[in-house]
Structure formats: C-alpha cells, structure tokens
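Residue strings, one per chain:
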Amino acid sequence: MTVTASDTFSASVAFTASGLPAGTIAGFNPTSFSGSGTSTLTITTSGSTPAGTNTVTINGISGGQTHSTNVTFVVTVTNTPPMLSPVSNRVVNAGVTLAITNVATDSDTPAQTLTFNLLTAPTSAVLNANSGIFTWRPAVAQANTTKLTTLKVTDSGTPPLSATQSFSIVMNPLARPVLGLARLTNGFWKLNVTGPTGPDYSIQGASHLVNWTALTVSNSATLPFA
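Residues numbered from 1 in each chain as written. Predicted model: local features only at pLDDT ≥ 70, side-chain atom pairs only at ≥ 80, totals over all residues. Heavy atoms only, no water.

Colleague: Sorry if this is basic, but what is going on with the nonpolar core here?
Modeller: Across soluble globular proteins, you tend to see nonpolar side chains buried next to one another. Judged by nonpolar contacts, the single largest core of 18 residues is most densely connected at Leu84, Phe134, Val153, Phe167 and Ile169. Looking at this core, the elements with two or more residues in it are strand 10 (98–101), strand 14 (133–136), strand 15 (146–154) and strand 16 (162–171). Every residue in contact with Leu84, bar those within four places of it in the chain, is listed here: Asn102, Val103, Ala104, Phe116, Leu151, Val153, Ala163, Thr164 and Gln165. (Core = buried A, V, L, I, M, F, W, Y, C linked by side-chain atoms within 4.5 Å. Buried < 20%, exposed > 50% of the residue type's maximum accessible area, 1.4 Å probe, protein only. Helix = DSSP H or I, 4+ residues; strand = E, 2+ residues; numbered from the N terminus. Contact = heavy atoms within 4.5 Å.)

So this is what it looks like as structure tokens:
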C-alpha cells in the first residue's frame, strides 16, 4: 500500500498505523520524509491472525500536526486438509480384540479440532471420535472372512476438509477346540480344553446327552457366538 503526504507538512513526516488485527506487523518504507512524498506500507500477517475485515488508521505526524485516513484491511484464511497416517492390514483370530491408534496431523495455526469417524467398518467396531483409537473384537461367526475398513478425519476449518485411509482386517479360520478326557483327581473331575486364543469357550453338561446347560464360560461373560 502506498501512502502519499502532501506538502502541507512543513517538517519531517513520520507514519504510524493503528487498528491492526492480532498477529500482524506493519512497516513503512521510508519511515519518514520531509515535505511531500510517498511511503509504502507493508502489513505482514501470521498464523495467529484471525480472518475478518479490519479498519486500519494511518497517521502522518509532523510536529504538532497529525493527519489521518482509514483503509479497509481484509484477512482471509486458507484452510489446508489434515493428514492421516496409513494403516497396515491386520490379521487376527476371532474373539481377539484389535486396537489401532490412528494418527492425524494438521498444519493450520491456530490448531484446529480433528474429528474421526468410520465410513465402512465391520459390525460392532468402534472408533473414538477424539483420540482416533479403533477397537473391534470379531465374533466367532466372522472367522475366515476379510473386512474392509475405511476411516476419515475432518478438521474444524472453513470449509471443513478431511482425509481418509482404508485397510483390511483378515480373520483366521476358526480351529475346532479339543476336549481332553476327564480325570478324577482328589475327588474332583478335571478335563483340559485347548483351542485358539480369542474365542470364549462354554463348557456344557447334560444327562443322557439332552438338555445341555452351561457349566462355566471362559473369558468374558458375553459370548460372541452368533
């Protein structure tokens, strides 16, 4: 911006600017001169300068005289999209809880709020909107399948911008558990059950092989069998 002073000033003229928005620096070149002339006003913004329309007052001061004029200074902020780190494919057993911490960054200042959400995901999967932590415990019925998961992170800028990443979760085939022979030890019947880590195992008993009832359940009380 060029500022011109007329020859109504008889002495050296110095310039000041007021009404600048936060995070800006104003400089005149030259900072002063005698009589009439021109000076270039440069206003530099920073990442903390808010968007908006501002009225900037430019003052020419010479001795006891001050002449002022107002100009409109408009600041616009350009939003940049966030970045979401890639997520590698995962292989898990049914019943094993998968936890993934997603990492997102945004170069805008001041810092914006980033919000995570799922676009596609297996049933019962959860993504924390604030932390980006993804958790899922696949059911036994989902063994030997592959689930594509796509997540998105969105910033709070104007307009809001986003980034997405996709990865696959491969569930291993379900292995049949093995029930060992029951043994009477110290007055108690004992038997061994072996199988893959992850699923809940329900031990059932019945008289005459009918009306089976659960005797005990390993792991969590809520079965993922479906």
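Colleague: Looking at this structure, how should I read the confidence of the model for the protein?
Modeller: Keep in mind that low pLDDT regions are not for reading the predicted coordinates in detail. Averaged over the protein, the pLDDT score is 87; the fraction of residues at 70 or greater is 92%. The element-level mean pLDDT for the protein is lowest in strand 1 (residues 2–5), coming to 68, with strand 12 (residues 115–120) highest at 98. This model gives residues 221–226 a pLDDT under 50, and the stretch forms 11 contacts once residues within four places in sequence are excluded. (pLDDT = per-residue confidence, 0-100.)

Colleague: What should I look at first to understand the pairing of strand 7 (residues 65–75) in this one?
Modeller: The side chains of a regular strand alternate, first on one face of the sheet and then on the other. Pairing between strand 6 (residues 52–62) and strand 7: 11 bridges, direction antiparallel. By the bridge assignment for strand 7, Thr53 is matched with Val74. (Pairing = 2+ DSSP bridges.)

Colleague: Is there a simple way to explain unusual backbone geometry in this structure?
Modeller: A negative phi holds for most residues other than glycine; trans holds for most peptide bonds. Between Asn29 and the following residue, Pro30, the backbone shows a cis peptide bond with an omega angle of 0°. We note that Asn186 has phi near 55°; this positive angle belongs to a residue other than glycine. Along the polypeptide, Asn186 turns up in the loop between strand 18 (183–185) and strand 19 (188–190). The phi angle at His208 is positive, at roughly 60°, despite the residue not being glycine.

Colleague: Help me understand the layout of surface pockets, please; the structure alone is not making it clear to me.
Modeller: The rolling of a water-molecule-sized probe over the atoms marks out the regions of remaining empty space. If you add up the space inside the largest pocket, you get close to 280 Å³. Where the lining of the largest pocket is concerned, the elements lending two or more residues are strand 17 (178–179) and strand 21 (202–207). The class makeup of the residues in the lining of the largest pocket is 10 nonpolar, 2 polar and no charged. There is about 180 Å³ of room inside the second largest pocket. (1 Å grid on protein atoms, 1.4 Å probe; cavity = no way out; pocket = protein on both sides within 12 Å on 5 of 7 lines; lining within 4 Å. Points joined across faces, edges and corners; volume = space filled by probe spheres on them. Nonpolar A, V, L, I, M, F, W, Y, C, P; charged D, E, K, R; others polar.)

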